[in-house]
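Structural overview
Okay, here's what each chain looks like letter by letter:
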Amino acid sequence: MIYTTLPGTDLRVSSLCLGTADFGSTIDEPTAFRMLDFFLDSGGNFIDTAKIYADWLPGERSVSEKTIGRWLRQSGKRHRVLLATKGAHPHLETMLTPRLSRAEILSDLDASLRHLGVEVIDLYWLHRDDPARPVEEILETLNEAVRRGKIRAFGCSNWRVERIHAAYEAASAHTLMPFVADQMFWNLAVVEASSMGDPTLVAMDEPLYRYHRETGLAAIPYSSQANGFFHKMAQGQVDALTPLHREMYLHAENLARFQRADRLSRETGLTMTQIILGYLLSQPFPTVPIIGPRTPDQLADSLSAAEIRLAPEQIRALEQGASRELPLEP
């Protein structure tokens, strides 16, 4: 495992972050515990969850956070974990109504602390933005939480580049702690935002990429393995793609990228997983992909990429673009 310190912090994180959206729900608790133990035993230390995770399913609320909290208590491994969680997500029934008032942020934060059974969260994410709310007000609330010892650092998730820049400028002007990382949708595929099914999600695009490159702001991308698109293509299982993922991924440019990734795999002996995650791990600014394995075997496969770094010319080859002669079906 390779480790990196997130710029502007003392948070030294593993090169891969374990996403836990399904822990305690579609991944039962005993399996989740085994995966958490295996991740730490393999050198991982960075775990990501959210207050909202699995609330789209019937039953207990915030089940991912609560599952991790039980594991932390039973295992005694809190000291080995860089713990990240997210709050201030809209209510699922009113997704276009933001929740970033001071009261809402602090209420969600206190709930996450209770669920996780910890006194401090290492990295706290705002799960969505409210473009109508002044960034100064949001930063004041987060800085208050830092001063009160409830969080060590904070970042933004699904914020657009203009708002991230505005927050940085406001932090500088008012001597406040800024965002230390940004969490966005990003992987080897090219995806149009309009195809993602949720207008509140933000994908990596050229302006956002340029901002990260110019500032060195850490990127912590989710959906880092393209929801299994490249693996399904490699296994001839395109029919296994959900309708949403067909809409998102199945077009000429991504078929071209799959063909180039497959060629690079044959040339280098790297697996498809190692190429997909290696693509993100080899960026010119700190990038820590969030992996979302559903089984221990998938976790082991993802961890095999932890120390993979691709050469710049390999990155360029993967990004060359689509051939117009490629069919829309493999």
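Everything quoted here is computed from the prediction, not taken from an experiment. (Residues numbered from 1 in each chain as written. Predicted model: local features only at pLDDT ≥ 70, side-chain atom pairs only at ≥ 80, totals over all residues. Heavy atoms only, no water.)

Description of the UniProt feature "domain: NADP-dependent oxidoreductase" (unreviewed entry) in the protein
- Taking the numbering used here, the UniProt-annotated feature "domain: NADP-dependent oxidoreductase" (unreviewed entry) corresponds to residues 16-320.
- The distance from the first to the last C-alpha atom of residues 16-320 is 26 Å, and the span holds 44% helix and 10% strand. (UniProt positions renumbered as here; feature names shortened; annotations may be inferred. Helix = DSSP H or I, 4+ residues; strand = E, 2+ residues; numbered from the N terminus.)

Digging into the side chain of Arg163
- Structurally, the position occupied by Arg163 is in helix α5 (residues 161-174).
- Those residues in contact with Arg163, other than ones at most four positions away along the chain, are Asp129, Asp130, Pro131, Arg133, Val135 and Ile138. (Contact = heavy atoms within 4.5 Å.)

Thoughts on the pairing of strand β5 (residues 82-87)
- For β5, a buried count of 6 out of 6 residues is recorded, marking the element as mostly surrounded by other parts of the structure.
- The two faces of β5 match: Leu82, Ala84 and Lys86 on one face and Leu83, Thr85 and Gly87 on the other face are all buried.
- Note that strand β4 (residues 46-48) and β5 share 3 bridges and pair parallel. From the neighbouring strand, Ile47 faces β5, where its bridge partner is Leu83.
- Handedness of the β4-helix α2 (residues 63-75)-β5 crossover: right-handed.
- Both β5 and strand β6 (residues 121-126) contribute to a ladder of 4 bridges, which runs parallel. If you follow Ala84 over to β6, its bridge partner there is Leu123.
- In this region the chain leaves β5, passes through helix α3 (residues 102-116) and returns to the parallel neighbour β6; the handedness of that crossover is right-handed. (Buried < 20%, exposed > 50% of the residue type's maximum accessible area, 1.4 Å probe, protein only. Pairing = 2+ DSSP bridges. Right-handed = clockwise from strand over helix to strand, strands pointing away.)

Here's the deal with the side chain of Lys150
- If you trace the backbone, Lys150 turns up in the loop between α4 (135-147) and β7 (151-157).
- In this view, Lys150 contacts Leu109, Asp110, Leu113, Glu119, Val120, Ile121 and Ala145; residues no more than four positions away in its chain are not counted.

Describing the environment of Thr20
- Looking at where Thr20 falls in the secondary structure, it is placed in the loop between β3 (17-19) and α1 (29-41).
- Thr20 sits in the buried class, given a relative accessible area of 1%.
- Along the chain, Thr20 and Tyr3 lie 17 residues apart, while their C-alpha atoms are 20 Å from each other.

Some details on the state of the cysteines
- Throughout the structure, instances matching the rule amount to 0 disulfides.
- As a non-bridged cysteine, Cys17 has Cys156 as the owner of its nearest cysteine sulfur, 15 Å distant.
- Look at Cys17 and you get buried, because its relative accessible area is 0%. (Disulfide = S-S within 2.5 Å.)

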